[in-house]
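One-letter residues, chain by chain:
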Amino acid sequence: LRAIGVFPTWDRLIFAVRKDSGIQSIADIKKQKYPLRISTRRRGKLQTTLYVIEAVLKAYGFSLRQIERWGGRIMEAASPSSAERTDAIRSGRADAVFDEGVKSWGDIALAEGMQFLPVEDEVLRKMEKIGFPSAMLTRKHYPKMDRDIRTVDFSGWTYFCHVDLPSFIAYHMAKAIDLCYKQIPVDHFDKRPMTMREFCRGGEAGQLNIPLHPGAKRYFKEKGYL
């Protein structure tokens, strides 16, 4: 695969747990075999969010199914912003939320007594090897956090193609984005618009994790974006 660029969509994968549970780390969940009631994404064959959540938990040596065997409960939500998620947090039915889309539920979780747990460096290195980089979540983003944390980055929509795509097509795909990028909706945390330099280089709202297609790269260099 080769990239034409990456559209910014700021996001983080978050493991939030109620403070009164006594859990201070993801490792504590396994250590205590804590029967968490977790609000997470609805299960499905192509549910990539759960794939990443399970990959993180596997690196810690347990899974969602084990939490259920310890007496916990998995509460599925159709999307991060769904009413069932908000109700589960506010009613106290959920002890934890494991999900991305944190902008839609993070403030509510913090206000209701949850904390965001960091992902340890060793686990982040394992995630990096399978294609998931890390990123910071700070009190600049969420002032109610107790501390800054590092977690799995869930940002960005990569615009990609196969390496065999003819260079002149990739060149014109890059040019097409340049002609209309001001009209393309993006999702920065601070709501700023996308720039072409960010599109072809990546940034806080979307890292560029695969090489640029040579045709697209040639266009960006001609325009001075690279």
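On a predicted model such as this, the values are computed, not experimentally measured, just so you know.

A. Inspection of the pattern of salt bridges at higher detail. Summed over all chains, the structure comprises 17 salt bridges. Arg-43 serves as the salt-bridge partner of Glu-76, at 3.8 Å between the closest nitrogen and oxygen. In this pair, Glu-76 is assigned in strand 4 (residues 73–77) and Arg-43 in the loop between strand 3 (37–41) and helix 2 (48–60), connecting sequence segments 33 residues apart. In this structure, the salt-bridge partner of Arg-218 is Glu-222, at a minimum N-O distance of 3.4 Å. Here Glu-222 and Arg-218 lie together in helix 9 (residues 214–223), a separation of 4 residues that amounts to about one turn. For Arg-218, a relative accessible area of 41% corresponds to the partly exposed category.

B. View of the environment of Ile-38. Positionally, Ile-38 belongs in strand 3. A residue is classified by how much of its surface remains accessible, and Ile-38, at 0% relative accessible area, is buried. Every residue in contact with Ile-38, bar those within four places of it in the chain, is listed here: Leu-64, Ile-67, Arg-73, Ile-74, Met-75, Ala-96 and Phe-98.

C. Local environment of the side chain of Asp-153. Positionally, Asp-153 belongs in strand 8 (residues 149–153). The exposure class assigned to Asp-153 is buried, which follows from its relative accessible area of 5%. Engagement of the side chain of Asp-153 in a polar contact is seen with the side chain of Ser-155, the distance being 2.8 Å. Once you skip the residues sitting within four places of it in the chain, Asp-153 turns out to touch Asp-11, Arg-12, Pro-133, Ser-134, Ala-135 and Gln-207.

D. Examining the packing of helix 2 against helix 6 (residues 121–129) more closely. It is the contact of helix 2 with helix 6, at a shortest axis distance of 10 Å, that shows an interaxial angle of 130°. One finds that helix 2 runs oblique with respect to helix 6. Crossing of helix 2 against helix 6: the hand is right-handed. Note on element contacts: helix 6 touches helix 2 through Val-123, Lys-126 and Met-127, opposite Val-52, Ala-55, Val-56, Ala-59 and Tyr-60. Split by residue class, the contact of helix 2 with helix 6 holds 7 nonpolar, no polar and 1 charged.

E. Seen up close, the packing of helix 4 (residues 83–91) against helix 5 (residues 102–111). One way to put it is that helix 4 packs onto helix 5 with a least axis distance of 9 Å and a crossing angle of 10°. Viewed along their axes, helix 4 and helix 5 adopt a mutual orientation that is roughly parallel. Along the contact surface, helix 4 presents Arg-85, Thr-86, Ile-89 and Arg-90, while helix 5 presents Trp-105, Ile-108 and Ala-109. The class makeup of the residues in the contact of helix 4 with helix 5 is 4 nonpolar, 1 polar and 2 charged.

F. Main features of the environment of Trp-70. Positionally, Trp-70 belongs in the loop between helix 3 (64–69) and strand 4. A C-alpha to C-alpha distance of 9.7 Å links Trp-70 and Gln-32, two positions 38 residues apart in sequence. Not counting residues up to four positions away in its chain, the partners in contact with Trp-70 are Ile-29, Lys-30, Lys-33, Tyr-34, Pro-35 and Phe-62.

G. Molecular detail of the packing of aromatic side chains. As enumerated under the stated definition, the model contains 12 aromatic pairs in all. Ring plane angle 45° and centroid distance 6.5 Å describe the contact between Tyr-51 and Phe-132, whose orientation is recorded as tilted. Pair noted here: Tyr-51 is in helix 2 and Phe-132 is in the loop between helix 6 and strand 7 (134–137), with a separation of 81 residues, a long-range link. An aromatic cluster is defined as three or more aromatic residues linked by ring pairs; in this entry it consists of Phe-7, Tyr-159, Tyr-171, Phe-199, Tyr-219 and Phe-220. The ring centre of Trp-105 lies 5.8 Å from the NZ or CZ of Arg-85, which sits over that ring.

About the criteria used
- Throughout this document, residue positions are counted from 1 along each chain, in the order its sequence is written.
- The predicted nature of this model means local features are confined to residues of pLDDT at least 70 and side-chain atom pairs, given and counted, to a pLDDT of 80 or more, with totals for whole chains, interfaces and linings taken over all residues.
- For side-chain calculations, the full set of non-hydrogen atoms in the structure is used, while hydrogens and water are omitted.
- One speaks of a salt bridge when a side-chain nitrogen belonging to Lys or Arg is within 4 Å of a carboxyl oxygen belonging to Asp or Glu.
- Strands here are runs of E lasting at least two residues and helices are runs of H or I lasting at least four, both read from the DSSP assignment and numbered beginning at the N terminus.
- Each residue gets one of three labels from its accessible area relative to the maximum for its type: buried under 20%, exposed over 50%, partly exposed in between, using a 1.4 Å probe on protein chains only.
- Contacts were defined at the residue level, with two residues in contact if any of their heavy atoms lie within 4.5 Å.
- Residues adjacent in sequence count toward polar contacts only when both atoms are side-chain atoms; beyond that, a polar contact is any pair of N or O atoms within 3.5 Å, and within protein one must be able to donate a hydrogen and the other to accept it.
- Lines are fitted to the C-alpha atoms to define the axes, a helix being fitted only along its stretch in contact, and any angle between axes, read from their N-to-C directions, falls within 0 to 180 degrees.
- Convention used here: angles under 35 degrees read as roughly parallel, angles over 145 as roughly antiparallel, angles from 65 to 115 as roughly perpendicular, and any remaining angle as oblique.
- Here a crossing is taken to be left-handed if its near helix is turned anticlockwise relative to the far helix by less than a right angle, and right-handed if that turn runs clockwise.
- Throughout, the ten residues Ala, Val, Leu, Ile, Met, Phe, Trp, Tyr, Cys and Pro are labelled nonpolar, Asp, Glu, Lys and Arg are labelled charged, and all others, Gly among them, are labelled polar.
- A pair of aromatic rings is counted whenever rings of Phe, Tyr or Trp (Trp by its six-membered ring) have centres within 6.5 Å, and the orientation is called stacked for planes under 30 degrees apart, edge-to-face for over 60 and tilted otherwise.
- Only lysine NZ and arginine CZ atoms are considered, and such an atom sits over a ring when it is within 6 Å of the ring centre and within 35 degrees of the ring normal.

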